[in-house]
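Geometric and topological summary
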Amino acid sequence: MKPHWARTTWGRRGLFAALYAVCAATQDAVIDTVAILGVPAEQRGSLSGFMQAGMLGARALFGGGALWMASQWGERTVIALLIVAIAVPGALASLAFQELTSRVAAQRRPLAEYLQAAGQMFRRRELWAGFVFACTAGAGFEGLTGLGGPFLLDRGATIDEVGELFFLPVVIAMAAGAVLGGLASDRFGRRLWTFIGELGAAIMVLILALSAWLTTPETLAVGWFASGLIVLYGLIGLATASLYGL
């Protein structure tokens, strides 16, 4: 007999959502591996910037853009377009990097050797320092960007205004910041530009947090706060592209 969650519509959707998340995470790791192995070290920052720009463009298209397409052509059409958008680049990448993937396959190691290397990695201080950095560096801006939309709605902005903000200005700013950060980090140093991006984002988060704390819904200038979010997203793009290159 099937468990209760498997007999419900939401249970089945949850299962498919979990499987999709596993596949998406695997694809993400594979793409990063191909980028690391197939791109010269001195170009990894700029590549990360352009990868971020492409990802953000797709996020805008299948985020806010998907709502418009669904209203015009239906949800199934959007899902079909999403499948094509995932499958076609994957097929092209497999052809473009066939030689690289063959070389990687030839370097496969036994599982025991891999586990031994992983054990050595977990004993390195650099790994744990990087883990702490990953858990803390983006916490402020991830929290603010997640709450930015609902906060603007609470302070009087309309749904259309918030949708327009996150559909174009925010995406353009983050993509531009990512390309700038990637190119600059390759040329002038990834540690420097990661520091500049992270520090700038932290200062912007502090400014926006203070403005929200010190004002009321009647006194906060929504347009000013939205402009601050656009600047923040640009700094986030700069920081993440530099960090990925690093």
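Residues numbered from 1 in each chain as written. Predicted model: local features only at pLDDT ≥ 70, side-chain atom pairs only at ≥ 80, totals over all residues. Heavy atoms only, no water.

1. Some thoughts on the overall build of the chain
- Regarding its fold elements, the chain presents 12 helices and 0 strands.
- Reading the chain from its N terminus to its C terminus gives the helix and strand order α-α-α-α-α-α-α-α-α-α-α-α.
- Residue pairs in contact within the chain that sit at least 24 positions apart in sequence constitute 76% of those at least 6 positions apart.
- Carbon and sulfur atoms make up 69% of the accessible area of the chain, which amounts to about 16300 Å² in all. (Helix = DSSP H or I, 4+ residues; strand = E, 2+ residues; numbered from the N terminus. Contact = heavy atoms within 4.5 Å. Areas by Shrake-Rupley, 256 points an atom, 1.4 Å probe, with all protein chains shown as cover.)

2. Digging into the nonpolar core
- Of all hydrophobic cores here, the largest spans 24 residues; its most connected members are Leu144, Leu152, Leu208, Phe225, Leu229 and Leu232.
- For this core, the secondary structure elements donating two or more residues are helix 8 (139-154), helix 9 (159-167), helix 10 (169-188), helix 11 (190-213) and helix 12 (222-245).
- A per-element tally of this core places helix 12 first, with 6 residues.
- Other than its neighbours up to four places away in sequence, Leu229 contacts Leu144, Gly148, Leu152, Leu165, Phe166 and Leu208. (Core = buried A, V, L, I, M, F, W, Y, C linked by side-chain atoms within 4.5 Å. Buried < 20%, exposed > 50% of the residue type's maximum accessible area, 1.4 Å probe, protein only.)

3. Brief notes about the pattern of salt bridges
- What the rule picks out here adds up to 2 salt bridges.
- With a shortest N-O distance of 3.7 Å, Arg124 and Glu126 are connected by a salt bridge.
- According to the relative accessible area criterion, Arg124 is partly exposed, its value standing at 49%.
- Judged by relative accessible area, Glu126 falls into the exposed class, the value being 53%.
- Asp186 is paired through a salt bridge with Arg190; the nearest N and O atoms lie 2.7 Å apart.
- Given the relative accessible area of 22%, Asp186 is considered partly exposed. (Salt bridge = Lys/Arg side-chain N within 4 Å of Asp/Glu carboxyl O.)

4. Digging into the side chain of Ser48
- Its place among the elements puts Ser48 in helix 2 (residues 44-62).
- Assessed through its relative accessible area of 10%, Ser48 is described here as buried.
- Not counting residues within four places of it along the chain, the set of residues in contact with Ser48 comprises Ala241, Tyr244 and Gly245.

5. Some words on the packing of aromatic side chains
- All chains considered together, the criterion is met by 3 aromatic pairs.
- Ring geometry for Trp128 versus Phe131: centroids 6.0 Å apart, planes at 80 degrees, classification edge-to-face. Of the two residues, Trp128 and Phe131 are both situated in helix 7 (residues 125-136); the distance of 3 residues between them amounts to about one turn of the helix.
- Taking relative accessible area as the criterion, Trp128 reaches 44% and is therefore assigned partly exposed.
- We classify Phe131 as partly exposed; its relative accessible area is 48%.
- The interplanar angle of 40 degrees and the centroid separation of 4.7 Å between the aromatic rings of Phe151 and Phe225 together place this pair among those described as tilted. Here Phe151 is found in helix 8, whereas its partner Phe225 is found in helix 12, with 74 residues between them in sequence. With respect to class, Phe151 is no different from Phe225; both count as buried. (Phe/Tyr/Trp six-rings, centres within 6.5 Å; stacked < 30°, edge-to-face > 60°.)

6. Some words on helix 10
- Its 20 residues place the ends of helix 10 27 Å apart at the C-alpha level, agreeing with the 28 Å of an ideal helix rising 1.5 Å per residue.
- Every buried residue of helix 10 is accounted for by Val170, Val171, Ala173, Met174, Ala175, Gly177, Ala178, Gly181, Gly182, Ala184 and Ser185.
- Looking one or two residues beyond helix 10, the residue adopting positive phi is Gly189, at roughly 115 degrees. (Expected span 1.5 Å × (residues − 1).)

7. Structural notes on the side chain of Ser211
- Mapping Ser211 onto the fold places it in helix 11.
- Contacts of Ser211, omitting those with residues within four sequence positions, involve Leu220, Trp224 and Phe225.

This is a description of form; function is not addressed.
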